[in-house]
Amino acid sequence: MDTAVDREFHFHARDFARVRTLIYDRAGISLHEGKQAMVYSRLSRRLRETGHPSFENYLQWLESASGAQAQQEWQEFVNCLTTNLTSFFREEHHFHALTEWLKARGSQPTRIWCCAASTGEEPYSLAITVAETLGLNAPVKILASDIDTNVLQTAAQAVYDVNARGLNPQRLKQFFLRGKGANTGYMRVKPELTRMIEFRPFNLMQPQWQLGDPFDVVFCRNVMIYFDGPTQRKVLEHIHQVMKPKGLLFVGHSENFTESRDIFALRGKTIYDRV
């Protein structure tokens, strides 16, 4: 593999194989052979930051080191290799379906889990949907989690470019505060929305899921595409355990779980009922 003579670090096939094993064990992510360039680009930053002269040296240290510094570097390793593509109201039909479900549910207390919150656009879209449907004081709590601590930090700051995709002028005016002076060009989510959401780091590969009361709704969209079949099934079983009966599971447009119909029944386009 190590064919690019101008590369700063040697990157052998055995290094890539080692990275694939480590990220699979740590985060359940299956990297295919075509991801070598991506892995080199992202992880070479960690080699520069940590002062390791080679991938072999860095990976050997990562596997053998212990203590707080090692734990922090494991998190950086995972952060580098996760993909965060998102926007406000992405796959909009899901939010229309959620609106109708919330209307039918009325004022009942509701828990929603967004388990791949990324930089926050999805959980804030959920909060806007709740506010538009039931009002800002609705008894709805949203847990927003992600394995990547860097994007969660961005999400919690609740600051976005004013030209962020997916928002119409009415929502911009109603739910965001425009920055002035040095903050011109940016906007902040209004506090009334952010109060609905708790941000928390969470790894779907954790053996024990302690997330509080069962969820009525789970958004787990465009996450499973990074997992192999057995890992998908394991995660679905865990999600099933933390949901209420007849709860709603929303998944990504390219995800299909008909083989798990014993625990999730297809309700509509990429929407499932917990059996």
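Procedures and definitions
- Residues numbered from 1 in each chain as written.
- Predicted model: local features only at pLDDT ≥ 70, side-chain atom pairs only at ≥ 80, totals over all residues.
- Heavy atoms only, no water.
- Buried < 20%, exposed > 50% of the residue type's maximum accessible area, 1.4 Å probe, protein only.
- Helix = DSSP H or I, 4+ residues; strand = E, 2+ residues; numbered from the N terminus.
- Pairing = 2+ DSSP bridges.
- Axes fitted to C-alpha atoms, helices over the stretch in contact; angles between N-to-C directions.
- Contact = heavy atoms within 4.5 Å.

Colleague: Can you walk me through the pairing of strand β5 (residues 186-189) in this structure?
Modeller: Across a regular strand the side chains alternate sides, sitting on one face of the sheet and then on the other. On β5, burial follows the alternation: Met187 and Val189 on one face are buried, whereas Tyr186 and Arg188 on the facing-out side are not. Alignment of strand β3 (residues 159-161) against β5, held across 3 bridges, turns out to be antiparallel. Bridging from a neighbouring strand, Asp161 pairs with Tyr186 of β5. Alignment of strand β4 (residues 176-178) against β5, held across 3 bridges, turns out to be antiparallel.

Colleague: Would you mind showing me how to read the sheet that holds strand β8 (residues 243-251) here?
Modeller: To summarise the sheet geometry, strands pair through backbone hydrogen bonds and adopt either a parallel or an antiparallel arrangement. The strand order across the open sheet built from 7 strands is β6-β2-β1-β7-β8-β10-β9, with neighbouring strands paired in mixed fashion. Two strands bound the open sheet, and with one partner strand each, they are β6 (197-201) and β9 (264-268). On average, each strand axis in the sheet is tilted by 25° relative to the strand beside it, whichever way the strands run. By the bridge criterion, 3 bridges tie β8 to strand β10 (residues 271-274) in an arrangement that is antiparallel. Paired with Leu249 across the two strands is Tyr272, which belongs to β10. Along the sheet face, helix α5 (residues 93-105) touches β1 (110-114), β7 (215-220), β8, β9 and β10 and points at about 175° away from the line of β7. Against the sheet, helix α10 (residues 229-241) engages β1, β7, β8, β9 and β10, with an angle of about 135° to β8.

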